Amino acid sequence: MDAARFRALGIALLVCCAGCSGLGAPAGARTPQATTAQAAQAAQPVVRPPGQAAEELQGDFQRVIKDVLPSVVQVETDSGLGSGVVYDGRGHIVTNAHVVADGRTFRVTTANSKKPLTATLVSAYPEQDLAVVKLDSVPAGLRAASFGDSSKVQVGQVVLAMGSPLGLSSSVTEGIVSATGRTVSEGSDGGGTGATLANMVQTSAAINPGNSGGALVGLDGRIIGIPTLAATDPELGGGAAPGIGFAIPASTVRTIADQIVRSGRVTDSGRAALGITGRTFVDADFQPAGVVVVEVKSGGAAEKAGIGPGDVIVRLGDTDITTIASLTEALAEEKPGDRTTVTYTHDGKEKTARVTLGEQ
């Protein structure tokens, strides 16, 4: 699939600002005055020819691809394939949990390997759709990627998506950051984990099956996210909505991957929880009307607040809750330790409880 072409539509301008303070001039000395012609010439912007601007942009693209693509790998399982990113020089590869699925061993093709290398699962964390696998033997020249700071990602920033879409290894597409801070939910069918993911980076760079687990990269050569899913359009029969893809931000990737590499599992998820097992409750008209509590975790936030089995949660803070998905999305916006209110019905009467959220 051809990457969309980026066209430089304007002229790049470099405005020189001269403002000499005159510090250090002898007392009483006069500062030389520029002539009108000189002032006018100094005020003119330095204009680069359009062709030069396009060549510089193309050069930026090629430099980033040359630097980063060797750190992007193809991950093959018994049921399919996806992408991954070299996390460190010890052979750890970060990818999506839905890429590894239920697998324990994998075939990884790196930029330098002439044949697939074997790798073993370290741990998967489906709640954030991330996983780490480790190469059984680390090849010479393995290059770890550099991860950026998610807080510095800006809307309109040019990005490149790298991976193996549809099995086409080392493919690159381009686009921009369309939005940040998105909360999206994966489907549990089609290989998804069903996770609700917060603070996602939305991009117009094409993300297709096989791109999952790869790299979303800024022009500074740093990875800003791991491409994870593309939006679907119900009007197209559930087909992909062009130009709407989502990536897990780099800061989240580092937080989860660091714990897995260090401890073999996630010890601090940073995801808020009520400590319940619930299901969507439907009213007399068979319309979703809340989340009925099936079970509460001993010592969890709900139990401490007096919420128990049979209660129906209808609001979290100021957010109306109608389904288990809406409750999950509302919790994704919170952090463990946050205090909020839960509105629920008990024996047909509405009640409100103040809760301190636990950790998932």
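Our subject is the structure listed above.
Quick summary incoming for the structure in this document. (Residues numbered from 1 in each chain as written. Predicted model: local features only at pLDDT ≥ 70, side-chain atom pairs only at ≥ 80, totals over all residues. Heavy atoms only, no water.)

Overview of the side chain of glutamine 128
Right, so step 1: Along the polypeptide, glutamine 128 turns up in the loop between β7 (117-125) and β8 (130-135).
Right, so step 2: Dropping the residues within four chain positions of it, glutamine 128 is found in contact with Leu197, Ile248, Thr252, Ile256 and Arg271. (Helix = DSSP H or I, 4+ residues; strand = E, 2+ residues; numbered from the N terminus. Contact = heavy atoms within 4.5 Å.)

So, the pattern of salt bridges
Right, so step 1: Within the structure shown, the criterion is met by five salt bridges.
Right, so step 2: The salt bridge involving glutamate 76 is made with arginine 107; its shortest N-O contact spans 3.6 Å. Of this pair, glutamate 76 sits in strand β3 (residues 72-76) while arginine 107 sits in strand β6 (residues 105-109); the two residues are 31 residues apart in sequence, bridging distant segments of the chain.
Right, so step 3: Using a relative accessible area of 29% as the deciding quantity, one classes glutamate 76 as partly exposed.
Right, so step 4: Under the relative-accessibility criterion, arginine 107 is labelled partly exposed at 31%.
Right, so step 5: Among the ionic pairs, aspartate 78 bridges to arginine 107, the shortest N-O distance being 3.7 Å. Here the residue aspartate 78 occupies a position in the loop between β3 and β4 (81-86), and arginine 107 occupies one in strand β6, the gap between them amounting to 29 residues.
Right, so step 6: What emerges from the salt-bridge pattern is a single network uniting Glu76, Asp78 and Arg107. (Salt bridge = Lys/Arg side-chain N within 4 Å of Asp/Glu carboxyl O. Buried < 20%, exposed > 50% of the residue type's maximum accessible area, 1.4 Å probe, protein only.)

Overview of the sheet that holds β7
Right, so step 1: As summarised here, the arrangement of the six strands in space is β3-β4-β5-β8-β7-β6, forming a closed barrel in which the pairing is antiparallel. For this sheet, the mean inter-axis angle between neighbouring strands, taken without regard to orientation, is 40 degrees.
Right, so step 2: Two elements, β7 and β8, share six bridges in a ladder whose sense is antiparallel. When the bridges of β8 are listed, threonine 120 appears paired with lysine 134.
Right, so step 3: Against the sheet, helix α4 (residues 250-263) touches β5 (92-95), β7 and β8, its axis set at about 50 degrees to β8. (Pairing = 2+ DSSP bridges. Axes fitted to C-alpha atoms, helices over the stretch in contact; angles between N-to-C directions.)

Here we look at the side chain of glutamine 74
Right, so step 1: Tracing the chain through its elements places glutamine 74 in strand β3.
Right, so step 2: Of the polar contacts made by the side chain of glutamine 74, one reaches the side chain of serine 164; its length is 3.3 Å.
Right, so step 3: For glutamine 74, the residues in contact, after removing those within four places along its chain, are Leu81, Gly82, Ser83, Arg107, Val108, Thr109, Ser164, Gly167 and Ser169. (Polar contact = N/O pair within 3.5 Å; in protein donor to acceptor, adjacent residues only side chain to side chain.)

Function-wise, these values are silent; they only describe arrangement.
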